[in-house]
2 protein chains.
Amino acid sequence: MNTDTKPLFGRVALLGLGLIGSSIAHAMRRGALAAHVAGYEPMPEVLARARAVGFAESWHSDIEGAVRDADLVIMAAPVGAYAGLAEAMAPHLKTGAILSDVGSVKGAVMRDVAPHVPPGVHFIPAHPIAGTEQSGPEAGFAELFDGRWCILTPPPQSDAAALAVLTEFWRRLGSQVEVMDARHHDLVLAITSHVPHLIAYNIVGTADDLSTVTESEVIKYSAGGFRDFTRIAASDPTMWRDVFLNNREAVLEVLGRFSEDLSALQRAIRWGDGDALFNLFTRTRAIRRGIIDAGQDSAAPNFGRNAKPKA
Amino acid sequence: MNTDTKPLFGRVALLGLGLIGSSIAHAMRRGALAAHVAGYEPMPEVLARARAVGFAESWHSDIEGAVRDADLVIMAAPVGAYAGLAEAMAPHLKTGAILSDVGSVKGAVMRDVAPHVPPGVHFIPAHPIAGTEQSGPEAGFAELFDGRWCILTPPPQSDAAALAVLTEFWRRLGSQVEVMDARHHDLVLAITSHVPHLIAYNIVGTADDLSTVTESEVIKYSAGGFRDFTRIAASDPTMWRDVFLNNREAVLEVLGRFSEDLSALQRAIRWGDGDALFNLFTRTRAIRRGIIDAGQDSAAPNFGRNAKPKA
């Protein structure tokens with residue numbers, strides 16, 4: 001495509017103005033991708049905060065006003081809210097519009113949204129693999145998607161032109177784009193994102209419950225490794241509840257493997273099998289190297305952070 | 001103490017010149033804490049690399065030459081090597097010297113080292129809660145201990161003056177110092193460091209084994225959370241093997257709790273208990289806040305890292 005000089009879309013509606021929604025808005029503005037951004041958020045308090053940051057042209061607490069005449073509609077709310085959103089907006093969608101999302105699960109999104117999509121509207125789910133542990137309309141920034149991957153999971157017989165435009169959209173937001181089917185997406189993300197979040201939440205909960213070790217000790221000595229898990233375990237609770245409720249099958253499958261492997265490690269520790277431990281610990285180093293070489297993480301020790309004590 | 005203007009020690013021997021040993025050397029030089037630093041490393045290749053970096057006054061592949069006349073001897077090798085080191089150096093230790101270490105377990109260090117300590121030598125184990133995922137004599141830097149905690153576990157009836165000097169030493173290396181008994185240390189560290197490392201190694205191993213998801217997919221989409229675990233799982237394999245072999249009891253206890261809690265989460269996902277998930281995910285956010293407020297981690301989103309894709 002050679003359309004770098006004019007906006008890709010006349011009007012884009014963002015349904016949900018948290019970390020991801022607001023980051024899309026900032027990145028669209030950076031790339032001049034839309035003539036008009038319409039922001040929708042049902043909670044007045046959150047809508048007011050978003051308006052104070054000021055990343056859209058119009059602000060809506062009614063979904064009809066937000067999606068009317070939109071060329072692209074992006075759902076950026078917790079996935080548990082999608083079915084209700086889709087049903088409410090369906091009568092108001094423009095023929096030829098693209099309907100997409102940013103949800104971390106894709107099978108459930110197909111299941112919940114597809115039945116409501118009117119003929120002539122192109123439904124193409126998307127998932128940018130990007131985020132931070134922060135949330136809300138103040139948390140967004142234009143660079144969030146730079147260099148990260150965005151996975152599109154078009155249903156069979158999707159419109160090729162709509163897919164091409166959405167691909168171009170995510171490229172101009174800074175992402176690299178990959179296409180796969182929803183089922184495979186959900187399995188890949190179970191291992192690269194969902195189960196890691198679950199075990200991070202779990203270890204932080206276990207630490208909090210251990211009455212023989214005080215919370216202040218857990219906090220003081222967290223630089224031994226624990227603190228890394230707390231970052232992930234500070235992610236948005238509603239979003240993550242919905243992820244686990246909506247990717248049950250893949251999460252339980254990967255979790256089963258994880259628990260099996262952990263039992264083997266537990267046994268190696270109990271029986272003093274140093275070779276088994278050493279072999280695993282050596283193998284895992286190579287994966288880290290691959291991630292750094294692929295530009296998906298910093299090579300600096302400790303992620304380059306340098307937390308100084310407070311005075 | 002008011003001795004900030006002259007070196008605390010005449011001669012300090014560092015037994016092991018990896019990340020921690022070399023960082024101590026750099027920090028001692030920064031603070032002018034020793035008139036002479038003697039570096040010991042049995043492998044000629046590693047000794048040559050350390051010498052090339054140049055953070056000691058003398059270099060030794062024989063332990064006798066390293067510890068002779070030393071006022072402070074610090075073992076900074078994997079803890080599995082301590083018993084052999086202690087036995088070999090014992091006849092050559094100066095009366096009045098302090099013998100210490102940096103090992104991540106303390107009960108086993110007491111067990112392995114104490115029997116070899118000659119009368120008149122003050123044995124006070126130590127554990128700085130600091131590190132990076134890198135290893136070797138090139139990995140050290142003077143700021144590693146700044147603002148981190150160092151835990152001392154003096155045996156009963158330790159010499160008070162020796163304990164005071166070692167406390168002052170770690171303060172001048174940049175640390176805050178805490179004293180506790182070895183058994184409690186091992187339990188605290190099991191939760192704040194050892195089990196987090198074990199589950200990080202484990203999830204990276206599980207991902208590597210999942211034949212339905214390719215390694216390149218794991219790497220590409222690692223920004224969803226997985227990449228955080230790979231940093232920890234890139235830590236030194238020998239050191240970590242020895243930690244698990246030498247803190248078996250506490251690690252198995254915490255691991256048992258972790259697995260119980262994970263089973264409960266698994267069940268919540270299977271039965272769609274969103275409230276149980278939401279409640280845990282909300283509770284864990286507070287711990288992160290505590291760690292940031294305590295100056296033990298960066299408040300910046302994503303640890304402040306900003307990995308750009310390679311061209």
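A. Region of the structure containing the overall build of chain A. Within chain A, the secondary structure is distributed over 12 helices and 9 strands. Relative to the globule expectation of 19 Å for 311 residues, the C-alpha radius of gyration of chain A, 21 Å, shows essentially globular dimensions. Principal-axis analysis of the C-alpha atoms gives chain A an extent of 65 × 50 × 35 Å. Burial status across chain A gives 54% buried among its 311 residues. Taking the contacts inside chain A whose residues are at least 6 apart along the sequence as the reference set, 76% of them involve residues at least 24 apart.

B. Highlighting the interface of chain B and chain A. Every contact between the two is made by 95 residues of chain B and, on the other side, 95 residues of chain A. Elements with a contribution of two residues or more to the side of chain B that touches chain A: helix H7 (182–209), helix H8 (215–220), helix H9 (226–232), helix H10 (237–246), helix H11 (248–270) and helix H12 (274–293) of chain B. At 19 residues, H7(B) tops the list of elements feeding residues into the side of chain B that touches chain A. Looking at the side of chain B that touches chain A residue by residue, the classes come out as 48 nonpolar, 27 polar and 20 charged.

C. Region of the structure containing the environment of Phe244(B). Note on placement: Phe244(B) falls in helix H10. Residues Phe244(B) and Leu93(B), spaced 151 residues apart in sequence, show a C-alpha to C-alpha distance of 30 Å. Once you skip the residues sitting within four places of it in the chain, Phe244(B) turns out to touch Ile269(A), Leu277(A), His194(B), Leu198(B) and Val251(B).

D. How the structure looks around the sheet that holds strand S7 (residues 126–128) of chain A. All names here are of chain A. A sheet is described by the order of its strands in space; here 3 strands give the open sequence S7-S8-S9, paired in mixed fashion. The two strands at the open ends of the sheet, each matched to only one other strand, are S7 and strand S9 (176–179). Across the sheet, the mean angle separating the axes of adjacent strands is 20 degrees when strand polarity is ignored. Sheet topology places S7 next to strand S8 (residues 149–152); 3 bridges connect them, and they run antiparallel. Its bridge partner being in S8, His127 is matched across the sheet by Ile151. Of the strands in this sheet, S7, S8 and S9 are in contact with helix H6 (residues 160–172), which crosses S8 at around 165 degrees.

E. How the structure looks around the relation of the copies chain B and chain A. In screw terms, the move from chain B to chain A is a rotation of 180 degrees and a rise of 0.0 Å along the axis, fitting with an RMSD of 0.0 Å. In the structure described here, the two chain copies are related by an operation that fits a two-fold rotation axis. Residue by residue, 100% of the interface of chain B is reproduced at the interface of chain A, so both copies engage with the same surface.

F. Structural detail: the packing of helix H12 (residues 274–293) of chain A against H10(B). Running from N to C, H12(A) and H10(B) point in directions that differ by 140 degrees, and their axes come no closer than 9 Å. Between H12(A) and H10(B), the interaxial angle falls into the category oblique. Relative to H10(B), the crossing made by H12(A) is right-handed. Residue-level inspection shows Gly274(A), Leu277(A), Phe278(A), Phe281(A) and Thr282(A) of H12(A) in contact with H10(B), the latter providing Pro237(B), Thr238(B), Trp240(B), Arg241(B), Phe244(B) and Leu245(B). Its residues placed into classes, the contact of H12(A) with H10(B) shows 7 nonpolar, 3 polar and 1 charged.

G. Region of interest: the packing of helix H11 (residues 248–270) of chain A against H7(B). Running from N to C, H11(A) and H7(B) cross one another at 125 degrees; their axes reach a closest spacing of 9 Å. Here H11(A) lies oblique to H7(B), going by the angle between them. Helix-helix and strand crossings are classified by hand; for H11(A) and H7(B) the assignment is right-handed. Contact residues: Arg257(A), Phe258(A), Asp261(A), Leu262(A) and Leu265(A) in H11(A); Leu198(B), Ile199(B), Asn202(B), Ile203(B), Gly205(B) and Thr206(B) in H7(B). Here the residues of the contact of H11(A) with H7(B) sort into 6 nonpolar, 3 polar and 2 charged.

Definitions and cut-offs
What you see as residue numbers is a count from 1 along each chain, following the sequence as written. A letter from A marks each chain and a number from 1 marks each ligand, given out in the order of writing. Only residues with pLDDT of 70 or above have their local features reported here, since the model is predicted, and side-chain atom pairs are shown and tallied only from 80 upward, although totals for entire chains, interfaces and linings are computed over all residues. For helices the rule is a DSSP run of H or I covering at least 4 residues; for strands it is a run of E covering at least 2, with both sets numbered from the N terminus onward. This radius of gyration counts C-alpha atoms alone. The globule rule is 2.2 Å times how many residues there are, raised to the power 0.38. Exposure in this text rests on C-beta crowding, where 20 or more other C-beta atoms within 10 Å of a residue's own make it buried, 12 or fewer make it exposed, and counts in between make it partly exposed. The C-beta atoms are placed from the backbone. Any residue pair is listed as a contact if its two C-beta atoms, each placed from the backbone, are within 7 Å. Gly counts as polar in this scheme, as do all residues outside two lists: the nonpolar Ala, Val, Leu, Ile, Met, Phe, Trp, Tyr, Cys and Pro, and the charged Asp, Glu, Lys and Arg. For two strands to count as paired, DSSP must find a minimum of two bridges between them. For helices, the fitted line uses only the C-alpha atoms of the stretch in contact; every axis is such a line through C-alpha atoms, and the angle between N-to-C directions lies from 0 to 180 degrees. In this comparison the copies share one frame, found by least squares on the C-alpha atoms of residues holding pLDDT of at least 70 in both. When describing relative orientation, an angle under 35 degrees is termed roughly parallel and one over 145 degrees roughly antiparallel, while 65 to 115 degrees is termed roughly perpendicular and anything else oblique. In this scheme the handedness of a crossing depends on how the near helix is turned from the far one: anticlockwise by less than a right angle means left-handed, clockwise means right-handed.

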